[in-house]
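Residue-level listing of the chains:
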Amino acid sequence: MKYLFFSWLVVFVGSWIIYVQYSTYTELCRGKDCKKIICDKYKTGVIDGPACNSLCVTETLYFGKCLSTKPNNQMYLGIWGNLPGVVKCQMEQALHLDFGTELEPRKEIVLFDKPTRGTTVQKFKEMVYSLFKAKLGDQGNLSELVNLILTVADGDKDGQVSLGEAKSAWALLQLNEFLLMVILQDKEHTPKLMGFCGDLYVMESVEYTSLYGISLPWVIELFIPSGFRRSMDQLFTPSWPRKAKIAIGLLEFVEDVFHGPYGNFLMCDISAKNLGYNDKYDLKMVDMRKIVPETNLKEIIKDRHCESDLDCVYGTDCRTSCDQSTMKCTSEVIQPNLAKACQLLKDYLLRGAPSEIREELEKQLYSCIALKVTAHQMEMEHSLILNNLKTLLWKKISYTNDS
């Protein structure tokens, strides 16, 4: 009888856990709702884009495995014809940065409301220019970026931007990841934009979607202790030369977003789950939604009320300090992207590092982690540390098959 009771208890608890997890899954994964909203707007002529017909008419673009971590940011593995991709869709407005608070639900009265009928191409360019000035600061070459956006917005490549295409482009430009993909479209470590429809967009998929570990079914993940899981992650990393090549890719991406052609972008969630790599061990960004323009972040955070420095954080990694005299957050982010990248790479690179470079590698990584935005001649120090790390890693793997 005792064994029967314990058997029943195990079944009951297991069933309850599975039910709770399934309920969470259905809340997180709202792909059908996303598709319905987008396709209703497309079929009534409100929006347009190169992915619309495939998504809503021929149905050759479809959602596969759900990767969403928040209900308002839908993310799926997808297939478009014969090409794999990642489909992303915003289920709620993303018109401003949030600091741990939920955004207001998407409202039909404001969804795809701009530009309005009768807006000329010149007026639309002025709208986009003003948006970029607010997001990126008063850069001298914003007009070039505006022209680049119009080229991307012309999804059917007929030389004209229709009202539906303009509405889609305007909605997408509120999203920092989309803007960054356009700005860095020719860079090796940025995923390519495959197409869009409204504020749904499809980007290049990456074969390996985390620096660490293996992908396990969520039911199994429930029963694995976190400490054991971290040990498993370390066991299933690539060989050290391949890790070095992936690390070099991350350092190169940091260069791409540090004072790039349209200003500086801040990486506000540098975690292993947001980075991936392909079968050649070239790093590819998986999720760039928490990479934000520095000007944009400063403008929003500078007057935020705070009690301590803990109140002055965006994402997990962009931190400013709390001015106790005014009880307002300061606008200067404390750590540069490079220091945060080195913090992530420290254990990743030191485990299994060749003995002849381990001491020097450890020294350079700790110097990198200590880098502060307020440091004297920070930009020079930033460049020196970054180049030293890349040189050390390349020198060690340049004559191996993994290079």
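Keep in mind it's a predicted model, so treat the numbers as computed, not measured.

Comments concerning the packing of aromatic side chains
At step 1: Counted by the stated rule, this structure contains five aromatic pairs.
At step 2: Summarising the aromatic geometry, the rings of F63 and Y76 are spaced 4.9 Å apart at their centres and angled 25° between planes, so their arrangement reads as stacked. Taken as a pair, F63 in strand β1 (residues 61-66) and Y76 in strand β2 (residues 73-80) lie far apart in primary sequence, 13 residues in all.
At step 3: With a relative accessible area of 21%, F63 lands in the partly exposed category.
At step 4: Look at Y76 and you get buried, because its relative accessible area is 5%.
At step 5: Ring geometry for F178 and F196: centres 6.4 Å apart, planes at 85°, overall edge-to-face. Here F178, found in helix α7 (residues 176-183), pairs with F196, found in strand β4 (residues 193-197); they are 18 residues apart in sequence, far enough to count as distant.

Points about the side chain of T320
At step 1: By the secondary structure assignment, T320 is in the loop between β11 (318-319) and β12 (322-323).
At step 2: Exposure remark for T320: the relative accessible area of 2% places this residue in the buried category.
At step 3: A polar contact is formed between the side chain of T320 and the backbone oxygen of T330, at a distance of 3.0 Å.
At step 4: Ignoring anything within four residues of it in the chain, the contact list for T320 reads I301, D309, C312, C329, T330, S331, E332, V333 and I334.

Here we look at the pattern of salt bridges
At step 1: Applying the stated rule across the entire model yields 14 salt bridges.
At step 2: With its nearest N and O atoms 2.9 Å apart, the salt bridge here joins K88 to E177. One end of the pair, K88, is in strand β3 (residues 83-90); the other, E177, is in helix α7, and 89 residues separate them in sequence. Neither residue differs from the other here; K88 and E177 are each classed as buried.
At step 3: Each of K88, E177, D287 and R289 takes part in salt bridges that share partners, so that together they form one network.

Here we look at the packing of helix α13 (residues 355-369) against helix α14 (residues 378-397)
At step 1: Packing of α13 against α14 leaves a shortest axis separation of 10 Å and a crossing angle of 160°. By the criterion of interaxial angle, the relationship of α13 to α14 is roughly antiparallel. Remark: the crossing between α13 and α14 carries left-handed chirality. Judged by residue contacts, E356, I357, E360, L361, Q364, L365, S367 and C368 of α13 engage I385, N388, L389, L392, L393 and K396 from α14.
At step 2: Broken down by class, the residue content of the contact of α13 with α14 amounts to eight nonpolar, three polar and three charged.

Regarding the state of the cysteines
Defined simply, a disulfide is a covalent bond joining two cysteines at their sulfur atoms.
At step 1: As enumerated under the stated definition, the model contains eight disulfides in all.
At step 2: A disulfide bridge connects C34 with C89, and the sulfur atoms are separated by 1.8 Å. Negative torsions about the S-S bond denote left-handed disulfides, and the value of about 110° found for C34 with C89 makes this one right-handed. Here C34, found in helix α2 (residues 31-43), pairs with C89, found in strand β3; they are 55 residues apart in sequence, far enough to count as distant.
At step 3: For C89, a relative accessible area of 2% translates into the label buried.
At step 4: A disulfide bridge connects C306 with C322, and the sulfur atoms are separated by 2.0 Å. What sets the handedness of the C306 and C322 disulfide is the S-S torsion sign, and at about 85° it is right-handed. Here C306 is found in the loop between α11 (294-301) and β10 (313-314), whereas its partner C322 is found in strand β12, with 16 residues between them in sequence. Like C306, the residue C322 is buried in the burial classification.

How each quantity is defined
Residues numbered from 1 in each chain as written. Predicted model: local features only at pLDDT ≥ 70, side-chain atom pairs only at ≥ 80, totals over all residues. Heavy atoms only, no water. Phe/Tyr/Trp six-rings, centres within 6.5 Å; stacked < 30°, edge-to-face > 60°. Helix = DSSP H or I, 4+ residues; strand = E, 2+ residues; numbered from the N terminus. Buried < 20%, exposed > 50% of the residue type's maximum accessible area, 1.4 Å probe, protein only. Polar contact = N/O pair within 3.5 Å; in protein donor to acceptor, adjacent residues only side chain to side chain. Contact = heavy atoms within 4.5 Å. Salt bridge = Lys/Arg side-chain N within 4 Å of Asp/Glu carboxyl O. Axes fitted to C-alpha atoms, helices over the stretch in contact; angles between N-to-C directions. Parallel < 35°, antiparallel > 145°, perpendicular 65-115°, else oblique. Left-handed = near helix turned anticlockwise from the far one by under 90°. Nonpolar A, V, L, I, M, F, W, Y, C, P; charged D, E, K, R; others polar. Disulfide = S-S within 2.5 Å.

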